[in-house]
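# Geometric and topological summary
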Amino acid sequence: MKVRNQRFYVAVRKYFRRLYPSCEFSYETPCGNCRLDMVVKKGDYKIAIEIKNKRDDIQRGLAELCTAKAYGYNECVLITTKTKALKMDKRTLQFYRFKLAYINSKNELVLIEK
């Protein structure tokens, strides 16, 4: 599997390994008419993760997370660059109960609270 944003994937794996030590990761998981970049499973609890870099379309990422929510994922996280994350309007994320995160310069995942 060729990974686009290797740095993002490493940071996400590290973050979720700390939260859920025995979780399982799957990549490029089909979900309806889209593919989720990463899925974290801990028993029956599933987290959909969509990773967008500075050239990607955020609207497409939100649409893929809406599809994941419709398919029964418990939590949805959109990960992007810091500049895009801080400029984004948070009302859409709050409406759908999505979480927003970015990767900082130390290659750590930072969740943005409401």
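Quick summary incoming for the structure in this document. Since the model is a prediction, treat every value here as computed from it, not as a measurement.

Reading the values: rules and limits
- Residues numbered from 1 in each chain as written.
- Predicted model: local features only at pLDDT ≥ 70, side-chain atom pairs only at ≥ 80, totals over all residues.
- Heavy atoms only, no water.
- Helix = DSSP H or I, 4+ residues; strand = E, 2+ residues; numbered from the N terminus.
- Contact = heavy atoms within 4.5 Å.
- Pairing = 2+ DSSP bridges.
- Axes fitted to C-alpha atoms, helices over the stretch in contact; angles between N-to-C directions.

What follows deals with the overall build of the protein chain. Secondary structure assignment for the protein chain yields 4 helices and 6 strands. When its helices and strands are written in sequence order, the protein chain yields α-β-β-β-α-β-α-α-β-β. For the protein chain, the spread of C-alpha atoms along the principal axes amounts to about 35 × 30 × 30 Å. Expressed as a percentage of contacts within the protein chain between residues at least 6 apart in sequence, the contacts between residues at least 24 apart total 50%.

Below, the discussion takes up the sheet that holds strand β4 (residues 75-80). Here 6 strands make up an open sheet; going across it, the order is β1-β2-β3-β4-β5-β6 and the pairing mixed. In this open sheet, the two strands that pair with only one neighbour each are β1 (24-31) and β6 (109-112). Taken pair by pair, the neighbouring strands of this sheet meet at an average axis angle of 30°, ignoring direction. Pairing between β4 and strand β5 (residues 99-103): 4 bridges, direction parallel. Residue pairing across strands places L78 opposite L100, the latter belonging to β5. The strands touched by helix α2 (residues 58-70) within the sheet are β1, β2 (34-42), β3 (45-51) and β4, with β4 carrying the most contacts at an inclination of about 165°.

On to unusual backbone geometry, then. At R97, a residue that is not glycine, the phi angle is positive and equals roughly 60°. Of note, R97 is situated in the loop between α4 (90-96) and β5. Unusually for a residue other than glycine, N107 sits at a positive phi of about 60°. Relative to the helices and strands, N107 resides in the loop between β5 and β6.

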